[in-house]
Amino acid sequence: MERLSSPSVPVENVDWISKLPNDLLLMILSRLSTDEAVRTSVVSKRWEHVWKHMSHLVLDMRKKIASSKYTPEVSKLVATLMTKIINNHRGHLESCVIDHYTDGMLNTWIQSLTGARQTKHLTLRHHLKLTNCGGSIDFPPNSFSYLGLTSLSLSTYIFRTSHSFNNCKILKTLKLSCMMAPDVGVFNRVLASCPSLEVLVLHITFQKRNGHLKIGNKRLKLLKVSFCNDIDGIQVSSPSLHILAIDEILSYGRYNFVLTSPRLQFSRDYKRTCLPHISYNISQEENCIGHGEFVVNTCGELLRVRLPASLSVSVDLMNRREVERLRQVLLLWSFTMAKLEIFFKKNNAPREEGESSPNKLWEENNKKDWFHNAKFRVDSVWMYNFSGSEEEFALASCLIRQRMVVKKMMIKMTSFPARKKLEIETAVVKLQALKTKDQWDLTIKCF
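Here's what I pulled together on the structure shown here.

Cut-offs applied
Residues numbered from 1 in each chain as written. Predicted model: local features only at pLDDT ≥ 70, side-chain atom pairs only at ≥ 80, totals over all residues. Heavy atoms only, no water. Helix = DSSP H or I, 4+ residues; strand = E, 2+ residues; numbered from the N terminus. Buried < 20%, exposed > 50% of the residue type's maximum accessible area, 1.4 Å probe, protein only. Contact = heavy atoms within 4.5 Å. Areas by Shrake-Rupley, 256 points an atom, 1.4 Å probe, with all protein chains shown as cover. Phe/Tyr/Trp six-rings, centres within 6.5 Å; stacked < 30°, edge-to-face > 60°. Pairing = 2+ DSSP bridges. Axes fitted to C-alpha atoms, helices over the stretch in contact; angles between N-to-C directions. Salt bridge = Lys/Arg side-chain N within 4 Å of Asp/Glu carboxyl O. Core = buried A, V, L, I, M, F, W, Y, C linked by side-chain atoms within 4.5 Å. Parallel < 35°, antiparallel > 145°, perpendicular 65-115°, else oblique. Nonpolar A, V, L, I, M, F, W, Y, C, P; charged D, E, K, R; others polar. Polar contact = N/O pair within 3.5 Å; in protein donor to acceptor, adjacent residues only side chain to side chain.

**Let's talk about the overall build of the protein**
Next up, step 1: Summing up its helical and strand segments, the protein has eleven helices and 17 strands in all.
Next up, step 2: Every one of the 447 residues in the protein was classed for burial, and the buried ones make up 47%.
Next up, step 3: Within the protein, contacts between residues separated by at least 24 positions form 63% of all contacts whose residues are at least 6 apart in sequence.
Next up, step 4: Accessible surface computed for the protein: about 22,900 Å², of which carbon and sulfur atoms make up 52%.

This is how it looks when you write it as structure tokens:
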């Protein structure tokens, strides 16, 4: 049979990507660095202005200067290019991150970002490696007071006054890292100017030791503090606080730490804390900014210290959302935890519509590896308000069977009737029976 040959079909040279709508092009650019996205403006007329509508900008002076010798002239040139990128952006910015050496144009950047661009999440990091100097930054009054700003992160600046924070009424997240002020009063005034704070991360120091840091923000849900030796003490009075993270060893007996927070009713002397510690009363709120920040950023930063940390957690095992959040928190640990304290809530509130019964919830947990083969280990587990209920027993047995608890599991005998205490003791005997031969050094008992 004769083979038929098809006529050649001309292939049209069409740029199909450039024909996509802006929303899809912006999704493509979001996969690139800001520098790479800006360079697409020379591809064609179609691409010239697309990057100017990106919702996130990351401007890093270190990358521009790394390949060339640092000089003030080079720094000024790079700063000018960064200014041009900010000024050429069109519309609103969801977030902007700036890493810089020079301070000359910092206030110009802030004014531009807080003006027409109405940036919601702003991160400014001052790097000193090349300049070897760290003078104070005179931020203009009300620099961070515009109504669009909800999250602010500052690193390595010296504040002389608190004027830049005047009337920060809607700021919800504030992170101050490696910050310095003449005295603690400056930071007290900063915090007093931010009544809507829900997340507060502090790593601060002072030029003279003369007072207490006062944290009295009523809406505060998460507080992370890195302590230093240049302070007399810390007074925390936050009725909504349910997460407290301390990520540096305290100087024994040096601090006067006073905590007034009804949601953190853990019997802990924070003045004598000698290891990084987290106290967490797990919230059942559907959208909890504290938990989201804790899982994504705060705890991860704390665990990079790589010291034996401890955790005190209060949880309602009848609530699916709280159980899942407990699992997420424990999954964060990549090395052995020193001590885990679990306080069981007794919550008889009705379950949400469609929520599984407690029995079904723990049947599901027992059918699978609750931690998905994570390498979580803890030296000692202390359980309080233990009643011997099915869900409490299921959690305790999970920790034993999956070899997560290494040295001891201590179960607090609370003021139950004699019959109930007998049931608890029986539950403890059953837990002891779960040990295998190679867990001979694991102690499980009541106290």
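**Topic: the packing of aromatic side chains**
Next up, step 1: Summed over the entire model, instances satisfying the criterion amount to twelve aromatic pairs.
Next up, step 2: When the centroid spacing of 5.1 Å and the interplanar angle of 45° are considered together, the rings of Phe144 and Phe165 count as tilted. Here Phe144, found in the loop between strand 3 (121–126) and strand 4 (151–155), pairs with Phe165, found in the loop between strand 4 and strand 5 (173–181); they are 21 residues apart in sequence, far enough to count as distant. Grouping residues by exposure puts Phe144 and Phe165 together as buried.

**Description of the sheet that holds strand 7 (residues 212–215)**
Next up, step 1: Taken in spatial order, the three strands line up as 7-9-11 in an open sheet, and their pairing is parallel. The two strands at the open ends of the sheet, each matched to only one other strand, are strand 7 and strand 11 (256–260). Put simply, the sheet's adjacent strands are angled 10° from each other on average, direction ignored.
Next up, step 2: Across five bridges, strand 9 (residues 233–237) lies against strand 11 in parallel orientation. In the sheet register, Ser237 faces strand 11, and the bridge partner there is Thr260.

**Comments concerning the pattern of salt bridges**
Next up, step 1: A full pass over the atoms with the stated rule returns ten salt bridges.
Next up, step 2: Here Arg62 and Asp60 are joined by a salt bridge, their closest N and O atoms 2.8 Å apart.
Next up, step 3: Take Arg62: its relative accessible area is 31%, and that puts it in the partly exposed class.
Next up, step 4: Residue classification places Asp60 among the buried positions, given a relative accessible area of 13%.
Next up, step 5: Taking the shortest distance from any N to any O, the salt bridge between Lys339 and Glu341 comes out at 3.7 Å.
Next up, step 6: Since its relative accessible area comes to 27%, Lys339 is described here as partly exposed.

**Remarks on the nonpolar core**
Next up, step 1: Ranked by internal contacts, the top residues of the largest apolar core, which has 72 residues, are Phe144, Leu154, Phe165, Leu174, Leu213 and Ile215.
Next up, step 2: Those residues in contact with Phe165 that sit more than four places away from it in its chain are Phe144, Ser145, Leu152, Leu154, Phe159, Leu174, Val190, Ser193 and Cys194.

**Here's the deal with the packing of helix 4 (residues 72–88) against helix 5 (residues 106–113)**
Next up, step 1: Contact geometry for helix 4 and helix 5: axes closest at 10 Å, N-to-C directions at 10°. What the angle tells us is that helix 4 and helix 5 run roughly parallel. Residues Ala79, Met82, Thr83, Ile86 and Asn87 of helix 4 lie in contact with helix 5, whose contacting residues are Thr108, Trp109, Ser112 and Leu113.
Next up, step 2: Among the residues forming the contact of helix 4 with helix 5, the class breakdown is five nonpolar, four polar and no charged.

**A look at the side chain of Ser380**
Next up, step 1: Following the sequence through the fold, Ser380 ends up in strand 15 (residues 378–384).
Next up, step 2: One polar contact links Ser380 to Trp382, side chain to side chain, over a distance of 3.4 Å.
Next up, step 3: If near-sequence neighbours (up to four positions away) are discounted, Ser380 is found in contact with Ala338, Lys339, Leu340 and Lys408.

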